[in-house]
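Tertiary structure, described
For reference, the chains in residue letters:
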Amino acid sequence: MPGWETVFQKVDDYRWLIPRSFKPEMRTDGLLYADEAMLPLLYKENAHVQVANVACLPGIVGYSLAMPDIHLGYGFAIGGVAAFDPEQGGVISPGGVGYDINCGVRVLRTNLHKDEVRKKINDIANELAREVPSGVGSTGVISLSEKEMDKVLTEGAKWAVKNGYGVNDDIEHTEANGALAGADPSAVSHHARERGKDQVGTLGSGNHFLEVQFVEEIYDEAAANAFGLQKDQVTIMVHTGSRGFGHQVCSDYINILHKAVAKYNIYLPDRQLVCAPVNSPEGKQYFSAMCAAANFAWCNRQLIMHWTRESFAKAMGATPQQLGISLIYDVCHNIAKMEKHKVKGVGGSEIEKLLCVHRKGATRAFPGDPVLVPGDMGRYSYIMVGTELAMNETWGSVCHGAGRRLSRSAALRKYNYKELMADLDKQGIVVRSASRKGLVEEAPEAYKDVREVVDVVHNSGLAKKVVRLRPMVVVKG
DNA sequence: ATGTCC
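Residue positions are counted from 1 within each chain, in the order its sequence is given. Here every chain gets a letter starting at A, and every ligand a number starting at 1, in the order they are written. Local features in a predicted model are, by the rule used here, given only for residues with pLDDT of at least 70; side-chain atom pairs are given and counted only at 80 or more, and totals for whole chains, interfaces and linings are based on all residues. Where side-chain values are given, they derive from all heavy atoms of the structure, hydrogens and water being excluded.

Chain A goes by tRNA-splicing ligase RtcB in an unreviewed UniProt entry. In the Sequence similarities (unreviewed entry) part of its UniProt record, chain A is described as follows: "Belongs to the RtcB family." Here is the UniProt Subunit (unreviewed entry) comment for chain A, exactly as written: "Monomer." UniProt positions are given in the numbering used here, feature names are shortened, and annotations may be inferred rather than shown by experiment.

If you want it as structure tokens, here you go:
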């Protein structure tokens, strides 16, 4: 049985090529960012095959890219990045975005020191668990009418702020200002709207979380300062997406686009890569629906931020203004966006082109922007900063998290609730979970060490480490 | 990720 050495060609310590010769239908090479120790595992689970499959799709520009947290996903690997040129028959694919459209991370700063929060830690945990609904199928306090749903789908986080759930500064620190212009509510099914109408402002389940954290380590003083961060300062991180709404949009369009694949005679190495030309009516319709789901998710995270502010204020006996709770950044890691990027034109000259950039389990990392990389609930998360190199190599994209080491079922076999809670308690981490089973599935040891993923990104130069954040309170579904 | 199967 040949090993990874037969597939990956070393470019340097952090870059590995999957050459076109791997599969005859590949239109371009794959490029994986990883250290050598990561290669056997991802080779064993065939994640590289999914990277090669994406390289077979029409209109792909540059490499089929893979981040160090790559693992198997629906069609496209999670941790995959690929750009397509609409003028060259380039495609858009629901599998290249993922079921949780605009799954993303929001991080807030406070002016609180970790010792102040430590004194009130149980009150804070209780308030957060009470104010922010979580768990499978969880519903919130807002029930959207048809008309209000339309507004959420076009205005995103701005709808929340307009209705008193936040301030304009929050919008200014959200990717795309919390709303993509391409959204069309009429492209979304009645079914998706029904599933979503009571779910806005809810955390969900699985790896989604709300954490109170503190700045444990600073790697880059200047960047930390620019983000308003110093050692031992308390931050709050929210990781969630578009809930059942985005899931339904994805399901609907996987079905719809199967017909488009036949109609436009697109060769697929894997049926899960179902897609349509960006410029086709079907492709445009998916894009409009996907933008609507992205806006739903930004509204969701904005509402959760608002209730987080209120929870903190109540628990600390102060106003949100006194606590200085403000948004550092909100960035998505599951999306396809139309972005202008530099590409090589005829004769090697550089030109700017509008591309459809798929980021599936990959975070946008534009120069100077914060890059939010959650880890697991027992160890740490990171804030990085984007660089010019990422613009040149990965369409301004990097990793999105740790990735699982054990399956959910394996985690359930290996760990139990009582021991897990005792272990987290020993580390001073207070947990509120809607489901015991759900929590055990999320045991820290079920995840890879996010430090290794972040170090590959840092050492390759795609993004730079700014701070490491240590959890204090974990709220999970 | 997900009304963890329409």
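The next thing to look at is the state of the cysteines. In this description, a disulfide is simply a cysteine sulfur pair whose atoms lie within 2.5 Å. On inspection of all chains with the given rule, the structure shows zero disulfides. Not engaged in a disulfide, the cysteine C56 finds its nearest cysteine sulfur in C275; these two sulfurs lie 11 Å apart. A residue is classified by how much of its surface remains accessible, and C56, at 1% relative accessible area, is buried. Free of any disulfide, C275 has its nearest cysteine sulfur in C356, 11 Å distant. The classification of residues rests on relative accessible area computed with a 1.4 Å probe and restricted to protein chains. Under 20% of the type maximum is buried, over 50% is exposed, and intermediate values are partly exposed.

Okay, the UniProt feature "binding site: Mn(2+) 2" (unreviewed entry) in chain A next. Sequence positions flagged by UniProt for "binding site: Mn(2+) 2" (unreviewed entry) are, in local numbering, H239 and H333. Across 95 residues, the annotated set stays spatially compact, with a maximum C-alpha separation of 10.3 Å. As for the annotated residues named above, the ones lining the largest pocket are H239 and H333. Secondary structure elements are taken from DSSP: a helix is a run of H or I of four residues or more, a strand is a run of E of two residues or more, and numbering for both begins at the N terminus. Locating H239 in the fold gives a position in strand β9 (residues 233-240). Overall, the relative accessible area of 5% leaves H239 in the buried class. Setting aside residues up to four positions removed in sequence, H239 forms contacts with C103, G104, V105, L203, N207, H208, F209 and H333. One polar contact links the side chain of H239 to the main-chain carbonyl oxygen of N207, over a distance of 3.2 Å. The class of H333 is buried, set by a relative accessible area of 2%. The criterion used for residue contact is that any of the two residues' heavy atoms lie within 4.5 Å. Excluding residues that lie within four positions of it along the chain, H333 makes contacts with C103, G104, V105, H239, R359, K360, G361, A362, T363 and H400. Here a cavity denotes a set of grid points, spaced 1 Å apart and computed over the protein atoms alone, in which a 1.4 Å probe fits but from which it cannot get out, and a pocket denotes an open set meeting protein on both sides within 12 Å along at least five of seven lines; residues with an atom within 4 Å of a point are reported as lining. Pairs of N or O atoms within 3.5 Å make up the polar contacts considered here, provided that, within protein, one atom can donate a hydrogen while the other can accept it, and that residues adjacent in sequence are counted only when both atoms are side-chain atoms.

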